[in-house]
Amino acid sequence: MSQRQLFVTTALPYANGNFHIGHIMEYIQADIWVRFQRMQGHQVDFVGADDTHGAPIMIAAEKAGITPQQFVANIAAGRKPYLDGFHIQFDNWHSTDAPENHELARQIYRDLRDIPESQGGSLIERRTIDQFFDPEKNMFLPDRFIKGECPKCHAHDQYGDNCEVCGAVYAPTDLINPFSALSGAKPELKSSEHFFFKLSDPRCVEFLEKWTQDGKLQPEVANKVKEWFTVRTNPDGTTSEGLGDWDISRDAPYFGIEIPDAPGKYFYVWLDAPVGYLASLKNLLDKRGENYDAYMANDKLEQYHFIGKDIVTFHTLFWPAMLHFSGRKTPNNVFVHGFLTVNNGEKMSKSRGTGLDPLKYLSLGMNPEWLRYYLATKLNNKNEDVDFNAEDFMLRVNSDLIGKFVNIASRAAGFLTKRFEGKLTQSFGDQGTALLNDIHAAKDNIAQAYDAREYGKAAREIMLLADKVNSYVDQHKPWDLAKDTANNEALHQVCSLLINAFAELSRYLAPVLPALAQAVETFTGTSMQNPRWRRNRSRHQHRRLCQGGFAHCRNRQLRSGGRLHQTVAPHAGCGRRQNAQCVQRRGQHVQARRPQRQADGDGGQLGPAQDEVWCV
Ligand SMILES: [Zn+2]
């Protein structure tokens, strides 16, 4: 396969609050895919940004007594601990209020507005509409900021766009006794000129029918989108045929991007939000000294957006149409995921205490890779909800990661360190060699599963291989072999095989468990970045294990429930491996000896090897 050039994004989070676990799930989903593609030798640029504009942020900033710019800067400042904490490696994180986005959004708008008559003419239209206006706040009210009595079921205190009691959809003007949620004042109807993107134009309809139904979208997504071409629910509850035009403007005061040649008019936040993908990419390329236009002009460039199911309309209708008719490249695909629920399908709720706060998870010392792995086992390429269940989570981590996977190394590392100076033999016997070949033969299936975002399938395949390795251990019983020095050669073979098998499985798990893979890489001297997972046999031979390093890290981490150590450069003082956590704690590498414990594979419990060096 030739090298692919990929541009990958996740949906831009609205900058009115910290990340919640749903964001983290999406970022993990995309991060796994990106890491996998890079391991295959492909070139990937993976970017995100804060979605900063719109009335809710303007109003929240006003309440906080700061400017919207300050407000979103404060939110942006809190992003890093989440991303670093869960090993989510964006190449760039930017903002939709950045100059690149102002410039790109305005240019895309101009290109849509100025389509010459010879090509069908402008796709932007001005229309005067009536809207509720708050006479005290002196501003037009977004639907969400108008409340009143539901015209259908007469429930009180309902929003201007739909009733949360009976589910009716209506226009704000249908509400009985409407009031402004901002001031409590009775809103007045006032007319104003708005700008519309003519999505109902036959050019748009024809293009979008093709773009959404050519087989690239997930089938369930394509089917949903198809409905929108035939039936549309209007704000007043009636239905119309076909796509409706899209109101892309808002009146001042509004925190957003001013529309060219229309003072006091701003782009509706959803117009400039997806442009933020391009703005973040442009910002990244500028930093690298690369040319944005040349980058986008590469016809081999593939563009993918990971998004949640709630924003499909924007990404399958508005966004591709905006790009196409402004003469730009359209996305190759949009990957839609469901919501993260808890305890068998409940919606997460702060008030019911059923949320899962990402930073709290980290602050409890929970390993971020456990969550990455757990979510990976549940993710597939369908637009389905993913359920988090604490009990299931513990079971999965204990059974797969600790019981099946880490156990392989722990059963071998102690003997190798103690008895064979950490050296591996190159001969594994017929059975061992066959087992390694089996593991290697699974690589295409696993790669296909990752590429298709079928991470649950990939994890199942990898754990089946781990099962095979563990049966091999049970059959050859290294702890029995170790009792008699006459079995030294057999013991050496078995343990060497296990370390090799463990390194192979680590490589398969590397997109999901990047920090662990890094630790294994340091420990065994194998490269996890090996393109296409080719096994380099010569490097497996004559390898010397890092003395005491890996088993030590695993043990501490598992016993304390703490996070994985990040391996870094050798310690300047003693030349041994050190890790961020040790350094952070004591400022230096301290050696200490632990009393001997049996490292004999006693049902999955890890025990440190004799003479192991501990940093404390
Ligand atoms: Zn109602």
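Rules of the game
- Residues numbered from 1 in each chain as written.
- Predicted model: local features only at pLDDT ≥ 70, side-chain atom pairs only at ≥ 80, totals over all residues.
- Helix = DSSP H or I, 4+ residues; strand = E, 2+ residues; numbered from the N terminus.
- Contact = placed C-beta atoms within 7 Å.
- Pairing = 2+ DSSP bridges.
- Axes fitted to C-alpha atoms, helices over the stretch in contact; angles between N-to-C directions.
- Expected span 1.5 Å × (residues − 1).
- Core = buried A, V, L, I, M, F, W, Y, C linked by C-beta atoms within 7 Å.
- Buried ≥ 20, exposed ≤ 12 C-beta atoms within 10 Å, placed from the backbone.
- Domains from an automatic or database assignment.
- Parallel < 35°, antiparallel > 145°, perpendicular 65-115°, else oblique.
- Left-handed = near helix turned anticlockwise from the far one by under 90°.
- Nonpolar A, V, L, I, M, F, W, Y, C, P; charged D, E, K, R; others polar.

## Brief notes about the overall build of the protein
For step 1, the next point in the chain: Looking only at helices and strands, one finds 22 helices and 23 strands in the protein.
For step 2, the next point in the chain: When contacts within the protein are restricted to residue pairs at least 6 apart in sequence, those whose partners lie at least 24 apart make up 70%.

## Comments concerning the sheet that holds strand β16 (residues 333-337)
For step 1, the next point in the chain: Read across the open sheet, the five strands follow the order β3-β2-β1-β15-β16; overall the sheet is parallel. The sheet terminates laterally at β3 (92-95) and β16, the two strands that pair on one side only. Neighbouring strand axes in the sheet, compared pairwise and without regard to direction, differ in orientation by 25 degrees on average.
For step 2, the next point in the chain: With five bridges joining them, strand β1 (residues 5-10) and strand β2 (residues 43-50) adopt parallel strand pairing.

## Quick notes on helix α5 (residues 99-113)
For step 1, the next point in the chain: Its 15 residues give α5 an end-to-end C-alpha distance of 21 Å, which sits within 8% of 21 Å, the value for a rise of 1.5 Å per residue.
For step 2, the next point in the chain: On its buried face, α5 sits against β4 (124-134), β9 (188-197), β14 (265-267), α8 (269-288) and α10 (312-325).

## Examining the nonpolar core
For step 1, the next point in the chain: Ranked by internal contacts, the top residues of the largest apolar core, which has 139 residues, are Ile462, Leu498, Ile499, Ala501 and Leu505.
For step 2, the next point in the chain: When residues in this core are grouped by element, the largest group, twelve residues, is from helix α18 (residues 488-509).
For step 3, the next point in the chain: Residue-level mapping places this core at the junction of two domains, with at least three residues from each of domain 1 (5-110 + 275-378) and domain 2 (401-614).
For step 4, the next point in the chain: If we ignore the near neighbours within four places in the chain, the residues touching isoleucine 462 are Ile446, Leu505, Tyr508 and Leu509.

## Focus: the environment of threonine 377
For step 1, the next point in the chain: For threonine 377, the position within the fold is in helix α12 (residues 368-378).
For step 2, the next point in the chain: Taking the number of C-beta atoms within 10 Å as the measure of exposure, threonine 377 has 21 and is therefore buried.
For step 3, the next point in the chain: In this structure the C-alpha to C-alpha distance between threonine 377 and lysine 457, which are 80 residues apart in sequence, comes to 7.4 Å.
For step 4, the next point in the chain: Residues in contact with threonine 377, not counting those within four places in the same chain, are Arg396, Gly456 and Ala459.

## Here we look at the sheet that holds strand β8 (residues 176-180)
For step 1, the next point in the chain: Read across the sheet, three strands follow the order β7-β6-β8 without closing on themselves; strand pairing throughout is antiparallel. Of all strands in the sheet, those with a lone pairing partner are β7 (158-159) and β8, marking the two edges.
For step 2, the next point in the chain: Two elements, strand β6 (residues 146-149) and β8, share three bridges in a ladder whose sense is antiparallel. In the sheet register, lysine 147 faces β8, and the bridge partner there is phenylalanine 179.

## Observations concerning α12
For step 1, the next point in the chain: With eleven of eleven residues buried, α12 is to be regarded as a mostly interior element.
For step 2, the next point in the chain: Along α12, the positions that sit buried rather than exposed are Pro368, Glu369, Trp370, Leu371, Arg372, Tyr373, Tyr374, Leu375, Ala376, Thr377 and Lys378.

## Some details on the packing of helix α6 (residues 202-213) against helix α7 (residues 219-230)
Packed helices, taken two at a time, are described by the angle between their axes plus the distance between the axes.
For step 1, the next point in the chain: The N-to-C vectors of α6 and α7 enclose an angle of 165 degrees; their axes lie 10 Å apart at closest approach. Between α6 and α7, the angle is such that the two are roughly antiparallel. By crossing handedness, the relation of α6 to α7 is classed as left-handed. Residue-level inspection shows Val205, Glu209, Thr212 and Gln213 of α6 in contact with α7, the latter providing Ala222, Val225, Lys226 and Phe229.
For step 2, the next point in the chain: Counted by class, the contact of α6 with α7 contains four nonpolar, two polar and two charged residues.

## Digging into the packing of helix α15 (residues 443-451) against helix α16 (residues 455-476)
For step 1, the next point in the chain: At a closest axis distance of 7 Å, the pairing of α15 and α16 adopts a crossing angle of 160 degrees. Judged on the interaxial angle alone, α16 and α15 are roughly antiparallel. Handedness of the α15/α16 crossing: left-handed. When α15 is examined against α16, the residues Asn445, Ile446, Ala449 and Tyr450 are found in contact with a partner set consisting of Tyr455, Lys457, Ala458, Glu461 and Ile462.

## What about the environment of lysine 347?
For step 1, the next point in the chain: With respect to the element layout, lysine 347 can be found in strand β18 (residues 346-347).
For step 2, the next point in the chain: Sequence separation of lysine 347 and aspartate 387 is 40 residues, and the distance between their C-alpha atoms is 9.4 Å.

## Some points on unusual backbone geometry
For step 1, the next point in the chain: In this model, alanine 252 is joined to proline 253 through a cis peptide bond whose omega is 0 degrees.
For step 2, the next point in the chain: The topology assignment puts proline 253 in the loop between β13 (249-251) and β14.
For step 3, the next point in the chain: Its identity is not glycine, yet aspartate 261 carries a phi of approximately 60 degrees, on the positive side.
For step 4, the next point in the chain: Within the secondary structure, aspartate 261 sits in the loop between β13 and β14.
For step 5, the next point in the chain: Using a count of 10 C-beta atoms within 10 Å as the deciding quantity, one classes aspartate 261 as exposed.
For step 6, the next point in the chain: Phi is positive for asparagine 343, close to 45 degrees, though the residue is something other than glycine.
For step 7, the next point in the chain: Note on placement: asparagine 343 falls in the loop between β17 (340-342) and β18.
For step 8, the next point in the chain: Residue classification places asparagine 343 among the partly exposed positions, given that 13 C-beta atoms sit within 10 Å.

## Structural notes on the pairing of strand β15 (residues 301-308)
For step 1, the next point in the chain: With six bridges connecting them, β1 and β15 associate as parallel partners. Along β15, the bridge assignment pairs threonine 10 with phenylalanine 306.
For step 2, the next point in the chain: Here five bridges tie β15 to β16, and the two strands are oriented parallel to one another. Bridge assignment links isoleucine 307 to a residue of β16, and that residue is valine 336.

In short, geometric facts, not functional conclusions.
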